[in-house]
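Secondary and tertiary structure notes
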Amino acid sequence: MKSIEVEQLTKKFGKFTAVDRISFEVKEGEIFGFLGANGAGKSTTIRMLCGLLQSTEGTARVGGFDINTQPEKVKESIGYMSQRFSLYEDLTVDENINFFGKVYGLGDGELSERKRWVLEMANLRGREESITGTLSGGWKQRLALGCAVLHRPRIVFLDEPTSGVDPLMRRKFWELINDLSSQGTTVLVTTHYLEEAEYCNDLILINAGRIIAAGSPQELKERHITSPILEVQCSHVIEALALLEHQPWALETTVFGVAIHVSVTDERLAKREIPKVLGAHRIDVKSVIRIAPSLEDVFIFLLDQEARRAA
Amino acid sequence: MTLSVLKRLWPIIKKEFRHIRRDKRVLAVLTLVPAALLLLNGYALNFDVTHIRTAVVDHDKSATSRDFIQSFVSSGYFDHVKNLRTSYEATRLLDNGEVRLVIVVPSGFSEKLLARETVDVQLLVDGMDASAATTIVGYAQAMVLQYSQRIILQAMSKIGRGSYIPVNYEMRMWYNPELKSARFLVPGLIAFILAITCVIATSLSIVKEKERNTIEQINVSPIHALDFIVGKLIPYALISLVAAALVLLAAYFLFDVVIKGSVLLLFFATLLFITAALSIGLFVSTVSDSQQVAFQIAAIVSIAPTIILSGFIFPIRSMPWWLQVLSNITPAKFYLVILRSIVLKGAGLSAFWEQGVYLLLYTTLFLGISTLRSRKTVG
């Protein structure tokens, strides 16, 4: 069963094409990641899928409803959490929950049950009377998520839900997303934190309005990263990078924090050569170990490839 | 049907009242502004000319000349504040605005009158404020004529002709017998206050949702755009109605303004005007993206036309033709006709149905445009 089916969806603003003929499918109950840099077209796509924006061409069905001809039906079956906090800051926690509950037509009984759940989930019990604007970022985000799923939508759109929240809160937030998914809710989430993409069942990477990769994290790694990757910890990282780049056995070199990732043709050969090459230039090599490729490796590889193709 | 609409609108109405209660700025616009305006306009904006400060140069210094001066003072319109010896001193007093009228009685005033000769009295009027000066001249003229008439009548009774006046008149001022300007101004004031509260407060409230991005959460919900807007406007309409009622009440106690006509008609007319003003506020909110811009546009489109073009202060009939045409842009013009008809004349619907129809058209037009412009799905 497909929750979301997108076909050749296109959005043009004047001459500028923000979303260019993208197609993908989201299975029911999965966490679907939507990755890409700022301005890649993530938000525009989400806004079309939520019925906030008319598409220029192409169609999509969300929860079985056509986004262009049945936007009201779509709105009834989705929950949406915007990139910018969009609850009423001058209302209390309780008032916000009541308002959105009523807007989605919840009865009194169901509302109080859902309210209990939201307060529990967002850890806001006892703070019902607080003015929402006085809550800290992490709490606001949980409350926003709670309000977005008050009416138990089958599909939830989360646009950059974790931006501007500290890592601990981000992790907790992903636990909530996991809970939703395990209860059968389809979650479509955009993020630019690549490590978060690992939590997704399926994902697409978009660049300049086009999909450049799609699949599960595992599939993407296997498909695009065929050669082993070594992580080199050493002093003088920039100098080392320049040296390693020119080795015949090095396919790709990138800086990751204070380490260098080198994808190589032959693991044994490289492990032998790296200390020699760098040692000759008086660079201290602390360690060379083979690592499992991260999604970040995949995306850097893919975006590099795109840039080269464009050039 | 009505019940289900109310059920849909109720959460929005409730939420809007909460916003109003917590936003000091909006609260101030809605409560302090009307109160301040009423007091300011009621007391300061006074076109009544009374207690005209008057100086007298009496060259005659006779009982007759004093009697003549006294006739001015006892009318209640003139205050005799100074006696001067020469007309030169009068110039200084008029120059620095200490007095607005100087009466110069020539020597030989009483003798000439006794000899039944015409005597010339000089009146010096401060003409800087043209409309006040016209009124002063009118009053003074009436005083002089009355005094002359008295002398003629006395003379005639002496020769046994009894009192005879060829053409007499009796004047009744309708609708505002004492010609108090408060009666004329208060209806305009109500229109003015409503225009401000409705246009500014509503435009701010909607733009605030855009500015704070809360509109996005509303837009993805199944709530209908029109429901949301109507729900948001109802609190402002209610508050404005209460404000209008309070202004009328205050006008009654402070300025003796009594509603002569039907209160029910007044209520519906006011409701109609409020909807018109709200629809303008709504329109303003659709063309602005920040509260600052909205406030400025709203202030310009509500305050200026209501003061200048509505006939609140300046009569429309004495405007040049192009301004008369332009005056149709403000619904306050039409509401004012209705208000004055009801409050001052006690007139019925037949006297102002055309204005009512115009207000209705106006509201429909703006509400239509605004709803189209604030459609939830944008192309």
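The model shown is predicted, which means the values in this text are computed figures rather than measured ones.

Observations concerning the overall build of chain B
What chain B contains, in helices and strands, is 14 helices and four strands. Its C-alpha atoms give chain B a radius of gyration of 29 Å, more than 25% over the compact-globule value 21 Å for 379 residues. Projecting the C-alpha coordinates of chain B onto the three principal axes gives extents of approximately 95 × 45 × 40 Å. Of the contacts formed within chain B by residues at least 6 apart in sequence, a portion of 78% connects residues at least 24 apart.

Overview of the overall build of chain A
Of the regular secondary structure elements, chain A holds eleven helices and 14 strands. Considering only C-alpha atoms, chain A reaches an extent of 75 × 45 × 35 Å along its principal axes. Within chain A, residue pairs in contact and separated by at least 24 positions form 67% of the contacts whose partners lie at least 6 positions apart.

Here's the deal with helix 4 (residues 108–121) of chain A
All names here are of chain A. Counted at 1.5 Å a residue, the expected span for helix 4 with its 14 residues is 20 Å, and the 20 Å between its end C-alpha atoms agrees. Three or more residues of helix 4 are buried, namely Arg114, Val118 and Leu119. Projection of helix 4 onto a plane perpendicular to its axis shows the buried side chains occupying an angular sector of 140 degrees, all on one side. Of the exposed residues in helix 4, the ones pointing more than 90 degrees away from its buried face are Gly109, Glu113, Arg116 and Glu120. Buried residues in helix 4 make contact with helix 3 (93–103) and helix 5 (137–148). Directly after helix 4, the chain includes Asn123, whose backbone phi takes a positive value near 60 degrees.

Here's the deal with the sheet that holds strand 2 (residues 78–84) of chain B
All names here are of chain B. Within the open sheet, the four strands sit side by side as 2-1-3-4. Their pairing is mixed. Two strands bound the open sheet, and with one partner strand each, they are strand 2 and strand 4 (122–125). Neighbour-to-neighbour, the strand axes of the sheet open up by a mean angle of 25 degrees, direction not taken into account. Judged from the five bridges that link them, strand 1 (residues 52–58) and strand 3 (residues 101–105) form a sheet pairing that is parallel. By the bridge assignment, Val56 is partnered in strand 3 with Ile103. Seen against the sheet, helix 6 (residues 130–158) touches strand 1, strand 3 and strand 4 and runs at an angle of roughly 160 degrees to strand 4.

As for helix 6 of chain B
Since the α-helix turns once every 3.6 residues, residues separated by three or four places project in the same direction. All names here are of chain B. With 29 residues, helix 6 should cover 42 Å at 1.5 Å per step; its first-to-last C-alpha distance of 42 Å lies within 8% of that length. Those residues of helix 6 hidden inside the fold are in contact with strand 1, helix 3 (63–73), strand 3 and strand 4. Once helix 6 ends, the next one or two residues include Gly160, with phi positive near 80 degrees.

What to know about the domain arrangement of chain A
For chain A, the assigned domains read domain 1 (2–221) and domain 2 (226–292). Summarising the inter-unit geometry, the C-alpha centres of domain 1 of chain A and domain 2 of chain A are found 40 Å apart.

With respect to the pairing of strand 1 (residues 2–13) of chain A
All names here are of chain A. Two strands pair when backbone bridges link them, and strand 1 and strand 2 (residues 16–27) are joined in this way by eight bridges, in the antiparallel orientation. Its bridge partner lying in strand 2, Lys11 is registered against Val19. Between the antiparallel neighbours strand 1 and strand 2 lie two residues, among them Gly14 with a positive phi of about 65 degrees. Sheet topology note: the strand 1/strand 4 (residues 57–62) ladder contains five bridges and is antiparallel. Looking at strand 4, one finds that Val6 is bridged to Ala60.

Notes on the nonpolar core
Residues and elements named next belong to chain B. Of all hydrophobic cores here, the largest spans 138 residues; its most connected members are Ile190, Ala191, Leu194, Val199, Phe273, Ala277 and Tyr335. Among the elements that line this core, the one with the most residues is helix 7 (residues 181–211), at 18 residues. Apart from residues lying up to four places away in sequence, Ile190 is in contact with Ala244, Val247, Leu248 and Leu339. In this structure, Val57, Phe78, Ala90 and Phe109 belong to the second largest nonpolar core, which totals 19 residues.

Topic: the interface of chain B and chain A
Counting residues at the interface gives 19 residues for chain B and 24 residues for chain A. The set of elements that each furnish at least two residues to the side of chain B that touches chain A consists of helix 1 (2–22) and helix 8 (214–219) of chain B. In terms of residue count, helix 1 of chain B provides more of the side of chain B that touches chain A than any other element does, five residues in total. Looking at side-chain class alone, the side of chain B that touches chain A contains five nonpolar, eight polar and six charged residues.

Concerning the sheet that holds strand 7 (residues 155–159) of chain A
Residue and element names in this part refer to chain A. The strand order across the open sheet built from six strands is 6-7-8-3-9-10, with neighbouring strands paired in mixed fashion. Strands with a single pairing partner mark the edges of an open sheet, and in this sheet they are strand 6 (78–81) and strand 10 (210–215). Direction aside, the axes of adjacent strands within the sheet are offset by 15 degrees on average. With five bridges connecting them, strand 3 (residues 31–35) and strand 8 (residues 186–191) associate as parallel partners. Within strand 8, the residue paired with Phe34 across the bridge is Thr190.

Some details on the confidence of the model for chain B
All names here are of chain B. Overall, the prediction assigns chain B a mean pLDDT of 84, with 94% of residues at 70 or greater. Between the elements of chain B, mean pLDDT differs from a low of 76, seen in helix 2 (residues 24–44), to a high of 92, seen in strand 3. For this predicted complex, the interface score ipTM comes out at 0.80, while the overall pTM is 0.76.

Regarding the packing of helix 9 (residues 225–255) of chain B against helix 10 (residues 263–287) of chain B
Residue and element names in this part refer to chain B. At their nearest, the axes of helix 9 and helix 10 sit 10 Å apart, and the two run at 130 degrees to each other. With respect to each other, helix 9 and helix 10 are oriented oblique. Seen from above, helix 9 lies across helix 10 with right-handed handedness. Residues Ile229, Leu233, Tyr236, Ala237, Ser240, Leu241 and Ala244 of helix 9 form the contact with helix 10, whose participating residues are Thr270, Ile274, Leu278 and Leu282.

The rules we used
- Residues numbered from 1 in each chain as written.
- Chains lettered and ligands numbered in written order.
- Predicted model: local features only at pLDDT ≥ 70, side-chain atom pairs only at ≥ 80, totals over all residues.
- Helix = DSSP H or I, 4+ residues; strand = E, 2+ residues; numbered from the N terminus.
- Rg over C-alpha atoms; globule rule 2.2 N^0.38 Å.
- Contact = placed C-beta atoms within 7 Å.
- Expected span 1.5 Å × (residues − 1).
- Buried ≥ 20, exposed ≤ 12 C-beta atoms within 10 Å, placed from the backbone.
- Arc of directions from axis to C-beta.
- Pairing = 2+ DSSP bridges.
- Axes fitted to C-alpha atoms, helices over the stretch in contact; angles between N-to-C directions.
- Domains from an automatic or database assignment.
- Core = buried A, V, L, I, M, F, W, Y, C linked by C-beta atoms within 7 Å.
- Nonpolar A, V, L, I, M, F, W, Y, C, P; charged D, E, K, R; others polar.
- pLDDT = per-residue confidence, 0-100.
- Parallel < 35°, antiparallel > 145°, perpendicular 65-115°, else oblique.
- Left-handed = near helix turned anticlockwise from the far one by under 90°.

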